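# Structure assessment
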Amino acid sequence: MSNVLLNVENLNTYYGKSHILQGISFSLSDNDCMAILGRNGAGKTTTLRSLVNLSKPDSGNVIFMDENLKNIKPYYIAEKGMTLVPENRGMFPSLTVEESLSIISQYNSNNLWTLPKIFELFPSLKHRLKNKSNEFSGGEQQMLAISRALLTNPKLLLLDEPTQGLAPNIVNELFKALSSLLKSGLSIIIVEQNIKMALNLANKVSVIGKGKTKWTGSKSKFQNNTGVQKEWLGI
Ligand SMILES: Nc1ncnc2c1ncn2[C@@H]1O[C@H](COP(=O)(O)OP(=O)(O)O)[C@@H](O)[C@H]1O
Ligand SMILES: [Mg+2]
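This section reports on the structure supplied with the text. (Residues numbered from 1 in each chain as written. Chains lettered and ligands numbered in written order. Predicted model: local features only at pLDDT ≥ 70, side-chain atom pairs only at ≥ 80, totals over all residues. Heavy atoms only, no water.)

## Looking at the sheet that holds strand β9 (residues 204-209)
Selection criterion: Two strands pair under a simple rule: DSSP has to find at least two bridges between them. The helix count covers DSSP runs of H or I at least four residues long, the strand count covers runs of E at least two residues long, and both are numbered beginning at the N terminus. A fitted line through C-alpha atoms serves as each axis, taken over the contacting stretch for helices, and the angle formed by two N-to-C directions is quoted from 0 to 180°. Any two residues having at least one pair of non-hydrogen atoms within 4.5 Å are treated as being in contact.
Pairing is mixed across the open sheet formed by six strands, whose spatial order is β6-β7-β8-β3-β9-β10. The strands lining the two open edges of the sheet, one partner per strand, are β6 (82-85) and β10 (212-218). Sheet twist, expressed as the average angle between the axes of neighbouring strands with direction ignored, equals 15°. Note that strand β3 (residues 33-37) and strand β8 (residues 187-191) share four bridges and pair parallel. By the bridge assignment, Ile36 is partnered in β8 with Val191. Here helix α1 (residues 44-51) sits on the sheet and contacts β3, β6, β7 (156-160), β8 and β9; the angle it forms with β7, its principal contact strand, is near 150°. Strand contacts of helix α6 (residues 138-150): β6 and β7, with the helix running at about 165° to β6, the strand carrying the most contacts.

## Some details on the environment of Gln193
To be explicit about the condition: Polar contact is the term for a pair of N or O atoms within 3.5 Å; when the atoms are in protein, one must be able to donate a hydrogen and the other to accept it, and sequence-neighboring residues count only if both atoms are side-chain atoms.
Structurally, the position occupied by Gln193 is in the loop between β8 and α8 (195-201). Taking C-alpha positions, Gln193 is 12 Å from Glu87, a pair spaced 106 residues apart along the chain. In this view, Gln193 contacts Gly38, Asn40, Lys44 and Glu161; residues no more than four positions away in its chain are not counted. At 3.4 Å, the side chain of Gln193 and the side chain of Glu161 are in polar contact.

## Focus: the site of ligand 1
Operational definition: When we say a residue is near a molecule or strand, we mean one of its heavy atoms is within 4 Å of it. In short, Shrake-Rupley with a 1.4 Å probe defines the accessible areas, and a residue's cover is counted only from the protein chains shown. Basically, the charged four are Asp, Glu, Lys and Arg, the nonpolar ten are Ala, Val, Leu, Ile, Met, Phe, Trp, Tyr, Cys and Pro, and anything else, Gly included, counts as polar.
As a structural note, the neighbourhood of ligand 1 is formed by Tyr15, Ile20, Arg39, Asn40, Gly41, Ala42, Gly43, Lys44, Thr45 and Thr46. Residue Thr46 places a side-chain N or O atom 2.5 Å away from an oxygen atom belonging to ligand 1. Protein contacts shield 56% of the accessible area of ligand 1, which totals 570 Å² for the unbound molecule. Counting residues per element, the shell around ligand 1 draws most heavily on α1, which supplies three residues. For the shell around ligand 1, the residue count by class is three nonpolar, five polar and two charged.

## Quick notes on the packing of aromatic side chains
Here is the rule: Pairing of aromatic side chains here covers Phe, Tyr and the six-membered ring of Trp, requires ring centres within 6.5 Å, and sorts the geometry by plane angle: under 30 degrees stacked, over 60 edge-to-face, intermediate tilted. For a ring to carry a charge above it, either NZ of a lysine or CZ of an arginine must fall within 6 Å of the ring centroid while also lying within 35 degrees of the normal to the ring plane.
Enumeration over the complete set of coordinates arrives at two aromatic pairs. Seen from their ring centres, Tyr75 and Tyr76 are 5.2 Å apart, and the 90° between their planes marks the pair as edge-to-face. Note that Lys117 overlies the ring of Trp113, its terminal NZ or CZ placed 4.6 Å from the centroid.

## Focus: the side chain of Thr46
Its location among the elements puts Thr46 in helix α1. With residues up to four places along the chain from it excluded, the contact list for Thr46 reads Thr13, Tyr15, Ile20 and Leu21.

## Remarks on unusual backbone geometry
Going by this rule: Think of it in three bands: with a 1.4 Å probe and only protein chains considered, a residue is buried below 20% of the maximum accessible area for its type, exposed above 50%, and partly exposed in between.
One non-glycine residue, Asp66, lies in the positive phi region at around 65°. Residue position: Asp66 is located in the loop between β4 (59-64) and β5 (67-68). Under the relative-accessibility criterion, Asp66 is labelled exposed at 75%. Unusually for a residue other than glycine, Asn153 sits at a positive phi of about 55°. Structurally, Asn153 can be placed in the loop between α6 and β7.

## Some remarks on the pattern of salt bridges
The condition is simple: Throughout this description, the term salt bridge denotes a Lys or Arg side-chain nitrogen within 4 Å of a carboxyl oxygen of Asp or Glu.
The final tally for this structure, using the stated rule, is four salt bridges. Close ionic contact of Lys80 with Glu67 constitutes a salt bridge, the shortest N to O distance being 3.1 Å. Residue Lys80 is found in helix α2 (residues 74-80), and its partner Glu67 is found in strand β5; the two are separated by 13 residues along the sequence.

Purely geometric stuff here, so don't read any function into it on its own.
Now the structure itself:
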């Protein structure tokens, strides 16, 4: 039996008066990769933000490694091991690769991830050490954003549309890196429009529609459930 890593119970999140999340629930075990799928505007980004209190849920619980995260700030949640790589990739445009990564690694005494390990995962970053991230391609920015997240030594990575706008060969490189992270024991939640790529990585799927969890189950059950695919994803 695998251990429960994350339990998400009936999250409700508002933006101002708009009731955006109206019941998001799912759970994740150690080393799971869950694909969160849903149409544009369904609430996927808000779900990831709510897990780490960047958007604070009004009600519901996020239990990560047996701890309720209700009043814990995003920075401390990252320290506990759940780290979001946001859609906009959270870059510091004026910093070089070396600067961006060393800012984080100097605060990280218990280093599982080191710069040499990062460059093994993303060889193309090594050649860009002195380049500023505003000179980067979308793929390089995504790799840098994931590298920065890894330097916080996460147990669970939350990825919001990592392949958005990337050329197919870069998507492939990213896919290989994420597969190797999963092999090394990490857990991942990936929000993707690239359903094929997400399903290649994932063992679980959760479908969000209109702010609610509409369906959750194994990848194979999802692939056999054409009804859910059609109703909530239009595929
Ligand atoms: N900052 C915000 N203020 C108000 N409404 C927002 C904000 N961000 C997103 N929304 C709305 O919340 C809903 C869910 O958005 P989002 O979580 O970004 O969806 P997804 O990531 O699935 O495309 C959408 O209707 C969107 O318009
Ligand atoms: Mg989104």
